[in-house]
Amino acid sequence: MSPAITYEAALLFWRIVTQIFFREIRPRGAFNIPHNGPVIFVGAPHSNQFLDPLLLTLEVYRETHRHVQFLTAAKSLERKAVGFFARLMDSIPVSRATDEAKPGTGLVYLSPDDPCLVLGEGTKFKTEFVPKTQIMLPKSVNSAVAEVVEVISDTELRIKKEFGGESGKGTTRIREKIDESRQDGKNGLAFKVLPFINQQEMYRGVYQKLKEGGCIGIFPEGGSHDRTDLLPLKAGVSIMALGAMANDPTVQVKIVPVGLSYFHAHRFRSRAVVEFGTALDVPAELVEMFKEGGNKKREAVSKFLDLIYDGLKTVTIRAPDYDTLMLIQAVRRLYKTPGQHLTLGQVVELNRRFLEGYTHFKDEPRVQKLRTDVLKYNRLIRDLGIRDHQVPRAQKASWKTLGLLVYRLVLLMIWTSLALPGVILNGPMFILASIISRQKAKEALAASVVKVAGRDVLATWKILISLGIAPVLYTFYAVVATIVAVKANTSLAMRIWTPFLVILALPFMNYAALKFGEAGMDVLKSLRPLVVALIPGQQRSFDKVKAMRVRLSNEVADVINEFGPKIYDDFDQFRILVPASAPPSTGNPGVWRRKSSVGQVDAQGNLLIHPMTWIDERLFGWSRSAKGGTSAWGGSTPTQDSSRPVTPDLSDDEDHGDYDHAVNYISAYEDASRHVRSRQGSYADLQRLRMTTTTQPNVSSNSNDLHPNDSQALHMRHGSRQRKHSLSDLIPVERIGSVDRRETFDDVTTSLNEEASRQSSSA
């Protein structure tokens, strides 16, 4: 079988697996993917072990049908399951010195006079070390590594640079740890020997793939981790790009930064966004420096690695710590964007902008006060047991509240009864996957110096364990069903067909149970506010937290308006505004209406919730969107009066599944003959990246490859559907408000755009 067929078969299998594990996977900026020529996809952060390359590969193939070959640790390829699938997808093995580390004999300490001179007690340096091998110290000193340049004796060796770099911080920490060890009766630290790995063969393979116009994928942080910021990048990706172009001047490599953002990455049925940044060209002057070798080569590699890091900053969310990330997400939820229901792409973009702004202005008194108030608000809603998106709709207890609670309890029982068979049948698999994956996370955490809790391996092991247990479990059920059929004295034909029918029926039954259970969980999450509202004396607390939210929302908006223009020169041009286009509602079509989720299927095909949502609307009146629509033009939103309880399909702000209300960024006005390109990542970062060039731009504009606006991951596929008309941002809001609402959307849009075009030409 040809490699192409096995590759695509593996992709089909993994697409099914990822669609089951993830509730939603959204690509963003897919028009940035080059359709031809050599490309290196640089992914970060590497926060979900083997799933990260899978998601990146699947999205690239879906958009361009290009095959991506990932660099995979040789140690991972030695594992049976992982190695089997990695070879099917034509992965390139990479040997790592840390994977072949061996414990050294004796203890080591640093010379008091020379930090580059390592002394030993009971060591065998001449036997265990040769020049170019590395010595690695224990985790207590952050697993510091240094290259050996000379083995003087069995108890003395010299390293190339002092541990931790030239800053001296690493050396100071090591000396302190050695002093502590001496107090415990030990005269040094344990160490490991890292062999020298010649990567020339691997690089030659990569150069050949790029010369053939192929795609290479790499996560330059090295191993996976669960930190909130990026780890230092390895130089390999820089050497690959520069080396390929230095070896063959006809090769024009492009670097595409790819950011992966997860919402509860380790959980089953979570969500993910795969964002592709603007492709970077390799500067010709750096290639020439690389050819010169020596210090010039190292300088070229370092400079290009900095450019790649800047590119990654435009597609990743880099919080200094977990608390800051939680604060940013809370502020983003408080930021009330008029007339919008944010898509996953917009959520990621807002998180990124808020994080950049907070990092820049965190010492401002007004920002510090806002931080204190937001944390206080979070504590209040946590104590009440409700979520932020439920606060505006918290209502005074009434018969409708009690009726809605009873109705949803009945609905929950229905969904539970339908999902229960699948839960019981798959229970052993879920339990084993959870237990074993947590054990694997502990092992990974113990063996790593960069992981925080080892969550980056949880999802991978849950999937691998489930894939291993599912066939065994289904076979067991088929055998049991056959035994029952035999005991029941059924016909011979029935006995023969029973195991096959069971094995065929189980996947469909389990998928149905999955969807029923998902609907039930959404209903379950909506019950808490109703129960709390019925508790006597809670109305005062509700009123307090609602008033506090309104005040904080206004304060967040004011702070953004004050500090936004100071960090983004194009703040007013590229801020997320009222959408310029919205689909018509289920009522009479008009330009001011937006689509209701009632009776519709959401972005994941979640049909199970929506028929019952219809009853919620009609019977209990939580929303009037189906009756009259809402004014996207005037900035109004689906009504959130206190008399309307929250709909059950809105569970978590960042997790809810109602993405019918897809909106666009209003891009700058351009000539009608050109495609409109949306803002991608942090525009300010890209501007700074472009300004760092000396003789030629480092960032490719790819003007010939631009696709329609993709900022919300609405992908235009040839022959499938046409893009809706959208308004130019040159049209004043007052002019939009004066249109005849009886006119159709297309007619009004065309008319207003022609009017703006005439005014622009006359100016």
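Residues numbered from 1 in each chain as written. Predicted model: local features only at pLDDT ≥ 70, side-chain atom pairs only at ≥ 80, totals over all residues. Heavy atoms only, no water.

A.B. asks: Please give an account of the overall build of the chain that cites residues and values.
C.D. replies: Secondary structure summary: the chain contains 24 helices and 15 strands in total. Out of the 763 residues belonging to the chain, those deemed buried represent 51%. Surface exposure of the chain reaches about 36500 Å², of which carbon and sulfur atoms provide 57%. (Helix = DSSP H or I, 4+ residues; strand = E, 2+ residues; numbered from the N terminus. Buried < 20%, exposed > 50% of the residue type's maximum accessible area, 1.4 Å probe, protein only. Areas by Shrake-Rupley, 256 points an atom, 1.4 Å probe, with all protein chains shown as cover.)

A.B. asks: Now, about the side chain of His46: what can you tell me, with residues and values included?
C.D. replies: Position of His46 among the secondary structure elements: in the loop between β2 (39–44) and α2 (51–64). The contacts of His46, once residues within four sequence positions are left out, are Asp52, Pro53, Phe219, Glu221, Gly222, Gly223, Ser224 and His225. (Contact = heavy atoms within 4.5 Å.)

A.B. asks: Can you tell me about helix α16 (residues 492–525), naming the residues and giving the values?
C.D. replies: For α16, built from 34 residues, the straight-helix expectation of 50 Å at 1.5 Å per residue is met to within 8% by its first-to-last C-alpha distance of 48 Å. Taking the largest bend as the criterion, α16 deviates by roughly 40°, centred on Thr498, and proline Pro499 comes between one and four positions later. Three or more residues of α16 are buried, namely Thr498, Leu506, Asn510, Ala513, Leu514, Lys515, Phe516, Glu518, Ala519, Gly520, Asp522 and Val523. Residues of α16 that are buried in the fold lie against α1 (3–21), β1 (22–28), α14 (399–446), α15 (458–487) and α17 (527–534). (Expected span 1.5 Å × (residues − 1). Bend = angle between axes of the 7 residues up to and from the residue.)

A.B. asks: An account of the pattern of salt bridges is needed here, citing residue identities and associated values.
C.D. replies: With the rule as written, the count across this model stands at 24 salt bridges. Between Arg62 and Glu59 there is a salt bridge, with the nearest N and O atoms lying 3.1 Å from each other. With a gap of three residues between them, Arg62 and Glu59 both fall in helix α2, about one helical turn apart. For Arg62, a relative accessible area of 30% puts it in the partly exposed group. Put simply, Asp281 and Lys254 hold a salt bridge, and the shortest N to O gap is 2.6 Å. One end of the pair, Asp281, is in strand β15 (residues 280–281); the other, Lys254, is in strand β13 (residues 254–263), with 27 residues separating them in the sequence. (Salt bridge = Lys/Arg side-chain N within 4 Å of Asp/Glu carboxyl O.)

A.B. asks: Go over a positive patch on the surface with me, naming the residues and quoting the values.
C.D. replies: Taken together, the side chains of Lys132, Lys160, Lys161 and Arg298 define a basic patch exposed on the protein surface. Relative to the helices and strands, Lys132 is located in the loop between α5 (125–128) and β8 (134–136). (Patch = residues over 30% accessible without salt bridge, like charges linked within 9 Å, V, L, I, M, F, W, Y side chains within 5 Å. Lys, Arg positive; Asp, Glu negative; His and termini not counted. Charge placed at Lys NZ, Arg CZ, Asp CG, Glu CD.)

A.B. asks: Which residues make up the nonpolar core, and what values go with them?
C.D. replies: Core analysis: the biggest nonpolar cluster contains 40 residues, and Phe354, Val374, Tyr377, Leu552 and Val556 have the highest contact counts within it. Counting only elements with at least two residues in this core, the list comes to α11 (322–334), α12 (344–361), α13 (365–384), α17 and α18 (538–567). The element that contributes the greatest number of residues to this core is α18, accounting for nine residues. Core analysis: the next-biggest nonpolar cluster, separate from the first, contains 38 residues, Val251, Val287, Met289 and Leu305 among them. (Core = buried A, V, L, I, M, F, W, Y, C linked by side-chain atoms within 4.5 Å.)

A.B. asks: Provide a residue-level description of empty space enclosed by the protein, including the pertinent values.
C.D. replies: One way to see where empty space is left: roll a probe the size of a water molecule over the atoms. Applying the stated criterion across every chain, the model contains six cavities of 30 Å³ or more. Approximately 430 Å³ is the volume attributed to the largest cavity. Taken together, 23 residues form the lining of the largest cavity, with Arg353, Phe354, Gly357, Tyr358 and Ile560 sitting closest to its centre. Elements represented by at least two residues in the lining of the largest cavity include exactly α11, α12, α13 and α18. Among the residues forming the lining of the largest cavity, the class breakdown is 18 nonpolar, two polar and three charged. (1 Å grid on protein atoms, 1.4 Å probe; cavity = no way out; pocket = protein on both sides within 12 Å on 5 of 7 lines; lining within 4 Å. Points joined across faces, edges and corners; volume = space filled by probe spheres on them. Nonpolar A, V, L, I, M, F, W, Y, C, P; charged D, E, K, R; others polar.)

A.B. asks: Please set out the packing of aromatic side chains residue by residue, giving values where relevant.
C.D. replies: In this description, an aromatic ring pair is defined by two values, namely the gap between the centres and the angle between the planes. What the rule picks out here adds up to 19 aromatic pairs. Relative to Phe22, the ring of Phe21 has its centre 5.1 Å away and its plane inclined at 80°; by these criteria the two rings are edge-to-face. Neither residue differs from the other here; Phe21 and Phe22 are each classed as buried. Ring centres of Phe84 and Phe85 lie 5.2 Å apart, and the angle between their planes is 75°; this geometry places the pair in the edge-to-face category. Three or more aromatic residues joined by ring pairs make a cluster, and in this case those are Phe21, Phe22, Tyr262, Phe268 and Phe430. One Lys or Arg, Arg182, reaches over the ring of Tyr109 and ends 5.2 Å from the middle of that ring. One residue, Lys440, lies across the ring of Trp461, its end atom 4.7 Å from the ring centre. (Phe/Tyr/Trp six-rings, centres within 6.5 Å; stacked < 30°, edge-to-face > 60°. Lys NZ or Arg CZ within 6 Å of the ring centre and 35° of its normal.)

A.B. asks: Outline α13, listing residues and values.
C.D. replies: An α-helical segment advances 3.6 residues per turn. Residues three or four places apart therefore align on the same side. A rise of 1.5 Å per residue sets the reference length of α13, with its 20 residues, at 28 Å; its end C-alpha atoms lie 29 Å apart and thus fit the reference within 8%. Inspection of α13 places Val367, Leu370, Asp373, Val374, Tyr377, Ile381 and Leu384 among the buried residues, and these make up the whole buried set. The arc that holds every buried residue of α13, seen down its axis, measures 125°, which confines them to one face. Residues of α13 that are exposed and point over 90 degrees away from its buried face: Pro365, Lys369, Arg382 and Asp383. On the buried face of α13, the contacting elements are α11, α12, α17 and α18. The positive-phi residue at the C-terminal boundary of α13 is Gly385, with phi of around 80°. (Arc of directions from axis to C-beta.)

A.B. asks: Can you lay out the sheet that holds β8 for me, pointing to particular residues and giving the numbers?
C.D. replies: Ordered by their spatial adjacency, seven strands build an open sheet running β5-β11-β8-β9-β10-β7-β6, and the pairing between neighbours is antiparallel. The sheet is open, and its two edges are formed by β5 (102–103) and β6 (107–110), each paired on a single side. Taken together, the four bridges between β6 and strand β7 (residues 117–121) define a ladder with antiparallel strand orientation. From the neighbouring strand, Tyr109 faces β7, where its bridge partner is Leu119. (Pairing = 2+ DSSP bridges.)

A.B. asks: I'd like a description of a nonpolar patch on the surface, backed by residues and values.
C.D. replies: A contiguous nonpolar patch, built from Leu402, Val406, Val410, Met413, Ile414, Leu418 and Leu534 and spanning about 590 Å² of accessible area, is present on the exposed surface. In terms of residue count, the dominant contributor to the nonpolar patch is α14 (six residues). Note that Val406 resides in helix α14.

A.B. asks: Which residues make up unusual backbone geometry, and what values do they have?
C.D. replies: For residues that are not glycine, phi is negative in most cases, and the peptide bond is trans in most cases. A cis geometry characterises the amide bond from Ala44 onward to Pro45, with omega recorded as -10°. Among the secondary structure elements, Pro45 is positioned in the loop between β2 and α2. One non-glycine residue, Asp90, adopts positive backbone phi at about 60°. Mapped onto the secondary structure, Asp90 falls in the loop between α4 (80–88) and β4 (92–94).

A.B. asks: Describe the pairing of strand β9 (residues 145–153), naming the residues involved and giving the relevant values.
C.D. replies: Across three bridges, β8 lies against β9 in antiparallel orientation. Bridge assignment links Met136 to a residue of β9, and that residue is Val145. Between β9 and strand β10 (residues 156–159), which follow one another and run antiparallel, lie two residues.

A.B. asks: I'd love a proper account of the side chain of Gln69, names of residues and values included.
C.D. replies: Among the secondary structure elements, Gln69 is positioned in strand β3 (residues 68–73). In this structure the side chain of Gln69 is engaged in a polar contact, spanning 2.9 Å, whose partner is the side chain of Asp90. Here Gln69 is in contact with Asp90, Ile92, Lys209, Cys215, Ile216 and Gly217, once residues within four sequence places are set aside. (Polar contact = N/O pair within 3.5 Å; in protein donor to acceptor, adjacent residues only side chain to side chain.)

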